[in-house]
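# Secondary and tertiary structure notes
This is what each chain is made of:
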Amino acid sequence: MTPPRARSSSSAKSWKQAKPAEVVLITGPEGLLVDRAVARVQSAVRGKHAEVEVTRVEANSYEPGTLARLASPSLFEEPRVVTVVGLSEANELATKDVLGYLSAPEPDVVLILCHGGGNRAKKVVDTAKTVPGALWVDCPAIKRDNDLLSFVAAEFADAGRTISTRGAQLLVDAFGSDLRELAASCAQLIADIPGDVDVEDVKRYHGGRAEASGFEVADAVVSRDAGRALLTLRQALDSGVDPIPLLAAIAMKIRSLAKVSVANGPSGQVAKELGMPPWMVDQARRQLRAWNPDDLAAVIVEIAAADVALKGGVEIADKIYGRTADPIYTMERLVATACLPR
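Here goes a summary of the coordinates provided. Bear in mind the structure is a predicted one, so any value in this text is a computation, not a measurement. (Residues numbered from 1 in each chain as written. Predicted model: local features only at pLDDT ≥ 70, side-chain atom pairs only at ≥ 80, totals over all residues. Heavy atoms only, no water.)

## As for the nonpolar core
In terms of nonpolar packing, the biggest core is built from 83 residues, with I26, I112, V152, L171, I250 and I254 touching the most fellow members. In terms of residue count, helix α11 (residues 243–261) provides more of this core than any other element does, eight residues in total. If near-sequence neighbours (up to four positions away) are discounted, I112 is found in contact with V24, I26, V38, V41, Q42, V81, V82, T83 and V84. Listed in part, the 26 residues of the second largest apolar core include V23, L25, A71 and A128. (Core = buried A, V, L, I, M, F, W, Y, C linked by side-chain atoms within 4.5 Å. Buried < 20%, exposed > 50% of the residue type's maximum accessible area, 1.4 Å probe, protein only. Helix = DSSP H or I, 4+ residues; strand = E, 2+ residues; numbered from the N terminus. Contact = heavy atoms within 4.5 Å.)

Spelled out as structure tokens, the structure:
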């Protein structure tokens, strides 16, 4: 059970490379990937020791001596996995006990430390990286469109399946950067649809959300089709879709247009520079024919104002709109500003 000792590595591994070690440090705010990394480590230990004792400790409500008790040598030296979660919100007692433990880890214990980011308990993170044989797994937030597309493709590849680029984009447009929902939607498609998955499959399963929400609204906005944009917007809002994801989808599309508008060179070169797939660069260039720099700048300003208004900026909303803006009015104003020529 005892992992071989080696020099700790300062280079982070991905969640797919998580494996047992005396100390496994998992950093980053992407909760789904953190959970997957923890599960991989626990599963690997269980694969060798079916009766392994697995415990979980919340760092923000930690009581003194808990780690020492859970990790203390047992009479029969049974392997144990102790997971300390929420170190980014740890109380002082948790920080003190974990630091003390790291000075002399128990050989029959796998200690998993989860830190979501920030300065609290940062000394624990820095110290854990120096422990001989420690494994560092990093789970950074996945927000960029290209990274989300890669995540979707990887979900299908891991299942021995493929999804078309357009289908993957539709999923990303529908679920945004909510990685848990994105992963769940991938799992549903993989389970229910035999063979490769295409855009029509995604529409059939997630059409209500994908078409009457961000994807259709944003697509109509960047096409400057005011009638279709306002119609799909009202359909989405009337069906209960939250306006903030709608705004995020529009913002993502407009950001892509803005980035491509100032980039020169072949699509492949621009795609590499901007972190976008080449087909998306070509699409943005076609859509830019309907835009001029002043209109693009105006809608970027309007997106920023709408973001503030939707997230509670009452004073700014009053100043911009002349009254407290409700979500429907905010979104309709944004769509009209984007679609109608100035």
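## So, the packing of aromatic side chains
Under the counting rule described, the total for this entry stands at zero aromatic pairs. We note K129 situated over the ring of W136; from NZ or CZ to the ring centre the distance is 3.7 Å. The ring of W291 carries R224 above its face, with NZ or CZ at 4.2 Å from the centroid. (Phe/Tyr/Trp six-rings, centres within 6.5 Å; stacked < 30°, edge-to-face > 60°. Lys NZ or Arg CZ within 6 Å of the ring centre and 35° of its normal.)

## With respect to the pattern of salt bridges
Per the stated rule, a full pass over the model turns up 11 salt bridges. The salt bridge partner of E58 is R56, with a shortest N-O separation of 3.3 Å. Of the residues examined, R56 reaches a relative accessible area of 59% and is grouped as exposed. A salt bridge links R234 to E332; the shortest N-O distance between them is 2.9 Å. Highlighted residues: R234 in helix α10 (residues 226–238) and E332 in helix α16 (residues 327–339), separated in sequence by 98 residues. (Salt bridge = Lys/Arg side-chain N within 4 Å of Asp/Glu carboxyl O.)

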